[in-house]
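Listed here are the chains, written in short residue letters.
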Amino acid sequence: MNVTRKWRRWFAVGCTHANHIDRKSWDIVLAFKERWAPEMTIHLGDFLDTAAWRAGARNSQDDPDKTISFSDDYLVGMTHLKELRPDVVMLGNHEARLWSMLRSSSAVVAYAAEQGTQAIEQAVKKLKARLLPYDIDDGLFLLGDTVFLHGFQCGEAAVRDTVESLGKPIVMAHLHRPEITRGRVRGSPVGICTGTLANIPSMGYARHRRATYRWGHGFAYGEYCADATVAWLATPVKDEWRFPL
Ligand SMILES: [Fe+2]
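One structure accompanies this document, and this report is about it. (Residues numbered from 1 in each chain as written. Predicted model: local features only at pLDDT ≥ 70, side-chain atom pairs only at ≥ 80, totals over all residues. Heavy atoms only, no water.)

Another aspect to go through is the overall build of the chain. Helix and strand content of the chain: 5 helices and 11 strands. A compact globule built from 245 residues should have a C-alpha radius of gyration of about 18 Å, and the chain, at 18 Å, falls within 12% of that. Reported as C-alpha extents along the three principal axes, the dimensions of the chain are approximately 65 × 35 × 35 Å. Residue burial in the chain is summarised as follows: out of 245 residues, 47% are buried. Considering only contacts within the chain whose residues lie at least 6 apart along the sequence, 63% involve residues at least 24 apart. Of the roughly 12800 Å² of accessible surface on the chain, 50% is carried by carbon and sulfur atoms. Taken as two groups, the 31 positive and 28 negative side-chain charges of the chain have centres that lie 5 Å from each other. (Helix = DSSP H or I, 4+ residues; strand = E, 2+ residues; numbered from the N terminus. Rg over C-alpha atoms; globule rule 2.2 N^0.38 Å. Buried < 20%, exposed > 50% of the residue type's maximum accessible area, 1.4 Å probe, protein only. Contact = heavy atoms within 4.5 Å. Areas by Shrake-Rupley, 256 points an atom, 1.4 Å probe, with all protein chains shown as cover. Lys, Arg positive; Asp, Glu negative; His and termini not counted. Charge placed at Lys NZ, Arg CZ, Asp CG, Glu CD.)

Between helix α3 (residues 93-101) and helix α4 (residues 107-126), the shortest axis-to-axis distance is 7 Å and the interhelical angle comes to 130°. Here α3 is positioned oblique relative to α4, judged by the angle of their axes. Here α3 runs over α4; the crossing is left-handed. Seen from α3, the contacting residues are L98, W99 and M101; seen from α4, they are V109, A110, A113, G116, T117, I120 and E121. For the contact of α3 with α4, the class distribution of residues is 7 nonpolar, 2 polar and 1 charged. (Axes fitted to C-alpha atoms, helices over the stretch in contact; angles between N-to-C directions. Parallel < 35°, antiparallel > 145°, perpendicular 65-115°, else oblique. Left-handed = near helix turned anticlockwise from the far one by under 90°. Nonpolar A, V, L, I, M, F, W, Y, C, P; charged D, E, K, R; others polar.)

Note on metal geometry: ideal angles are 109.5 degrees for four donors arranged tetrahedrally and 90 or 180 degrees for six donors arranged octahedrally. At the metal site, the iron ion is ligated by D46 (OD), N93 (OD1), H150 (NE2) and H174 (ND1), and these contacts range over 2.1 to 2.6 Å. Between the 4 donor atoms coordinating the iron ion, the angles at the centre fall across 81 to 177°, so the site counts as irregular. When the donor residues of the iron ion are listed from N- to C-terminus, their spacing reads D-x46-N-x56-H-x23-H. Taken together, the positions of N93 in helix α3 and H174 in the loop between β7 (170-172) and β8 (179-182) put the pair 81 residues apart, joining distant regions of the chain. (Donors = N, O, S within 2.8 Å, 3.2 Å for Na, K, Ca; no water. Tetrahedral: all angles 85-135°; square planar, octahedral: opposite > 155°, others 65-115°.)

Another aspect to go through is the layout of surface pockets. Of the volumes computed, that of the largest pocket is approximately 290 Å³. In this structure, the largest pocket is lined by 15 residues; those nearest its centre are C154, H174, L175, R209 and W215. The volume enclosed by the second largest pocket comes to roughly 240 Å³. Around the second largest pocket sit 13 residues that line it, and D22, S25, H217, P236 and D239 are the ones nearest its centre. When the residues that make up the lining of the second largest pocket are grouped by side-chain class, the tally is 6 nonpolar, 4 polar and 3 charged. (1 Å grid on protein atoms, 1.4 Å probe; cavity = no way out; pocket = protein on both sides within 12 Å on 5 of 7 lines; lining within 4 Å. Points joined across faces, edges and corners; volume = space filled by probe spheres on them.)

Take a look at the structure:
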């Protein structure tokens with residue numbers, strides 16, 4: 001039987017991390033997105049950095065743990081979302097810090113978290129995008145036969161384990177390392193990690209470990225139809241992005 005499939009284009013980025021973004025790569029990736037003209041654009045989460053919500057974050061000028069204010073982080077991250085014009089926005093573990101602070105035993109912290117989460121929800125609504133929580137069930141977005149998610153695991157086998165736990169092809173972010181791998185399950189579905197679009201040398205906390213050598217810029221794009229998805233991982237070569245169009 002001949003099946004006629006109607007294919008549409010999709011585009012996904014993740015881990016842009018607000019003020020840490022690599023502006024040069026971001027502009028190049030956005031320009032490609034315009035040429036690709038996808039019908040579905042997804043931000044896979046960590047559009048904010050939320051350093052101000054880390055335990056031990058300080059506001060004092062000369063404190064070594066002084067972090068960028070949440071309002072600056074929010075304004076920069078939301079500007080990136082406006083530039084991206086996503087249809088779906090996922091919360092990553094960085095945004096999820098605010099949602100977990102809604103349950104803080106400090107009334108002041110819980111109130112601040114309420115203001116922050118509401119601001120994010122309203123801004124994403126204004127973009128007419130769907131906001132997905134950082135949640136192992138509700139944070140999954142199915143397009144064709146592929147599951148898009150921020151990612152919940154770290155470590156060597158994170159992409160493979162995510163593919164195998166869902167039993168479907170996946171596109172995730174979270175690890176900051178562009179990667180393609182297959183699951184050891186029937187049909188051997190493919191898992192992609194998009195990498196990050198943050199300026200890697202500026203991520204001070206990750207500069208003292210070997211795993212950071214594998215971090216890299218990237219994003220994913222492809223086509224989808226009712227029952228299938230094609231996915232490609234784009235990464236730069238010698239600091240140059242090469243695209244098919
Ligand atoms: Fe993440």
